[in-house]
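This is what each chain is made of:
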Amino acid sequence: MPDMALAHRLARWIDSPNIAVELDEVTCGQVADRVARDYRADEESRAAWKESCHRWLDLARQVSEPKTYPWPGASNVIYPLLANAAVQFAARAYPGIVRDRDVVRGTVLGDDSGVPLRDPSRPGQVLRGPDGAPLWLVPPGAKRTRADAIGRHMSWQLLDEMPDWEEQTDTLLLQLSIVGTMFRKTYFDPALQRNVSETVDPLRLCIDYRAKSFATAPRITEEIDLYPWEVEERIRAGLFLDAEYGANHDAGEDGDAPVTFLEQHRRLDLDGDGYAEPYIVTIARDSGRLARIVAGFDREGVMFGRDDHRVRRIDAIGYYTKYSFIPSPDSAIYDIGFGALLHPLNAAVNTSLNQMFDAAHLANAGGGFVGSGMSLNGGAVRFQVGEYKVVNAPGAALRENLVPLQFPGPNPVLFQLLGFLVDAGREIASVKDVLSGAMPGSNVPGILGLAVIQQGLKVFSAIFKRIHRALGQEFRKLHRLNRIYLPDEVGFRISASYFRVGRADYAQGGGVEPVSDPEIVTDMQQMARANFLLGFKDDPWCDGREIRRRAFAAAAIGEVEHVLRDAPAPDAEAMARLAELQLRARREAGDMEIRAGQQQAQRVAALADAVLHLAQARRADGQALRDVQEIARMAREISEEEGGDDRAGGPDAGSGAGFAGAAAGDAGRPDGGRVPDVAPPSGDAGGAAVPDGLPR
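First, a word on scope: everything that follows refers to the structure included in this document. Because the structure is a prediction, the values reported are computed rather than measured. Along each chain, residues carry numbers from 1 onward, in the same order as the chain's sequence is written. pLDDT decides what is reported in this predicted model: residues at 70 or higher carry local features, side-chain atom pairs at 80 or more are listed and counted, and totals for whole chains, interfaces and linings draw on all residues regardless. To obtain the side-chain values, all non-hydrogen atoms of the structure were included, while hydrogens and water were left out.

### Examining the environment of Ala-83
Mapped onto the fold, Ala-83 is located in helix 4 (residues 81-97). Once the C-alpha coordinates of Ala-83 and Ile-178 are considered, the two residues, 95 residues apart in sequence, prove to be 8.3 Å apart. Numbering of helices and strands starts at the N terminus; helices are DSSP runs of H or I of at least 4 residues and strands are runs of E of at least 2.

### Regarding the environment of Ala-295
Looking at the element boundaries, Ala-295 is found in strand 10 (residues 290-295). Think of it in three bands: residues with accessible area under 20% of the maximum for their type are buried, residues over 50% are exposed, and the middle band is partly exposed, with areas taken using a 1.4 Å probe on protein chains only. The class for Ala-295 is buried, based on a relative accessible area of 11%. Distance in space between the C-alpha atoms of Ala-295 and Tyr-279 is 4.6 Å, their sequence separation being 16 residues. Contact between two residues is taken to exist if any of their heavy atoms lie within 4.5 Å; hydrogens are not considered. Discounting residues that sit within four places of it in the chain, Ala-295 has contacts with Trp-13, Ile-14, Ile-19, Pro-278 and Tyr-279.

### A look at the packing of aromatic side chains
Note on aromatic pairs: the rings of Phe, Tyr and Trp (six-membered ring only in Trp) are paired at centre separations within 6.5 Å, and the planes decide the class, stacked below 30 degrees, edge-to-face beyond 60, tilted for the rest. Scanning all chains against the criterion turns up 15 aromatic pairs. The rings of Trp-13, Tyr-279 and Phe-297 are connected pair by pair, giving a single aromatic cluster. The rule for a charge over a ring is simple: NZ of Lys or CZ of Arg within 6 Å of the ring centre, and within 35 degrees of the ring normal. Against the face of Phe-499 rests Arg-152, its NZ or CZ located 4.2 Å from the ring centre. Sitting above the plane of the Tyr-187 ring, Lys-185 keeps its charged end 5.4 Å from the centroid.

### Concerning the pairing of strand 5 (residues 194-200)
The buried fraction of strand 5 is high, at 5 of 7 residues. Two strands qualify as a pair provided DSSP detects at least 2 bridges between them. Inspection of the sheet shows strand 4 (residues 181-189) paired to strand 5 by 7 bridges, in the antiparallel sense. Its bridge partner lying in strand 5, Arg-184 is registered against Thr-199. Remark: 4 residues form the turn of the hairpin made by strand 4 and strand 5, two consecutive strands paired antiparallel; Gln-193 in that turn has positive phi of roughly 55°.

### Details of the side chain of Thr-221
Tracing the backbone shows Thr-221 in strand 7 (residues 220-226). Owing to a relative accessible area of 0%, Thr-221 belongs among the buried residues under this scheme. N or O atoms closer than or at 3.5 Å make up a polar contact, with two conditions inside protein: a donor-capable atom paired with an acceptor-capable one, and, for residues adjacent in sequence, both atoms drawn from side chains. In this structure the side chain of Thr-221 is engaged in a polar contact, spanning 3.0 Å, whose partner is the side chain of Gln-264. Setting aside residues no more than four positions away along its own chain, Thr-221 makes contact with Tyr-39, Arg-204, Leu-205, Cys-206, Leu-262, Glu-263 and Gln-264.

Next up, the structure:
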């Protein structure tokens, strides 16, 4: 358990609109003096950077100062090398961040397969419905549905509820490329009753130049201008102490000039426990009067020790998000941009260009000496086009007394140097002809041109990754504010659709991230990936609808869901062809059945004829066998009656003689006259048996 007295005091200060009302005047004065002193120290540490930053911005805006060398009014042209680089970068990065209406995407943490209901009567078993399907405590895909709702709501907040966010993002990207560092301040505004994420000029956000990192900087001080009536509104709302804050020293006689306040995020030990807590202290910059102190932490960030019950750590709430262009080699706070990289080259280009203009001016204007032997009326002599002047001197004397100075004009070597400097600057800024929209040569293959562009965008891709990382930090701050301040349920409309989301969705949701792809900077890269995916739209292993949706999104087609169907629509022509094929198939199947029946009937008829012929043959064979047997019987009877035993030498001899004659008569037969050993047919002697499988 924590120290309850300390815990109650911290809880009261967290909810207090102004902790300064509980402090005595001496403590308030000490806090104000310390804030002002530390602010001046931080300003001194970054003085050189601020001076350089002003030069970079003036060069990008092409602000020129009057020149007195080599003569007053000499050429003072500023080549837009830095401005062109900044515009090119912003033109590529801005569409990559804000594409259509999707800016934020909700993320899913953990398993999203659902949580089934458990059967209390059977441990380890899942409850099932009447249809046998499991009943769910948390249905599958619930996290994904909640994440989609959060991403849709936060995108609506940034583009609709905060209408200045997109415009300020455009300005941020342009200034970021010049200065190298920009900041965003994200907070909940109780007066507007909504979240605010506004761009802060780095010149007005003071941090120690030598700090180890932005996250661990001891102080962050923002200069805020408030008009006198805005100061009075804060006094009456109880946000500021009721005091006279004076005016700025440079305000002059303007009574409506804004008063500059310093809002310093820092740590102070106001409770006297030896541990400095995060606070936000506001003072008037020029008068030094303390206006407000509020807690820079919430209940979630306070942790107490388990043994001594004292405050162990208090995490400060992060209000500012740093956007970085290219890390600086000598500072972890203020990074470098095209201003630091291109300013020396741009200055050299300006000098070379102006020297060429001045040389051309001298060569065109001319000048020289006039000898004393030439008689003129005195004063300057001016000519109009095609005019001749009359002088009191012969031509030879005129030529001898006029000695013009020789001005050779622009130096060609200087012109070559100028081209070299411009190319060097474009190399640093990655602003090539092919990257700025110029078409490559006709003999350059398309894949080679795309490869050249991809290689040229490597610098932009690295910078865009840093911007993507900063966007994620800003969106997480907005997610936290919605989790704390969003109503239980809020509705919003996108086009013709109406959606609802609540604070519980943010409390139970996973997280958020930018929709922008850190690997893709240009639409060309988006379309290249989309074309690659379209090759798999009919692959059974891939989701064809999702591939088509991404292709439409890459082509910047708005409201894709209104374009894509959930299922492909039937093709009328294809359906007609299918019906015709089905009808033809049924007709051919019927014809085949008819032909099969005819063939079966023909086979049955052929078998019947074969059986008939076989039966006839068998009957003929049976009749012949019976005739042979009858003839043999009759022959034996005749032989017995005509022969006798005495004539034939016994019964056997007579019988043999009878058969001998028959045998002699049949000696020419193939079977030697023997009666064939043919068994009589079974069944009716006048017919034959019907084979199996034939109709009876």
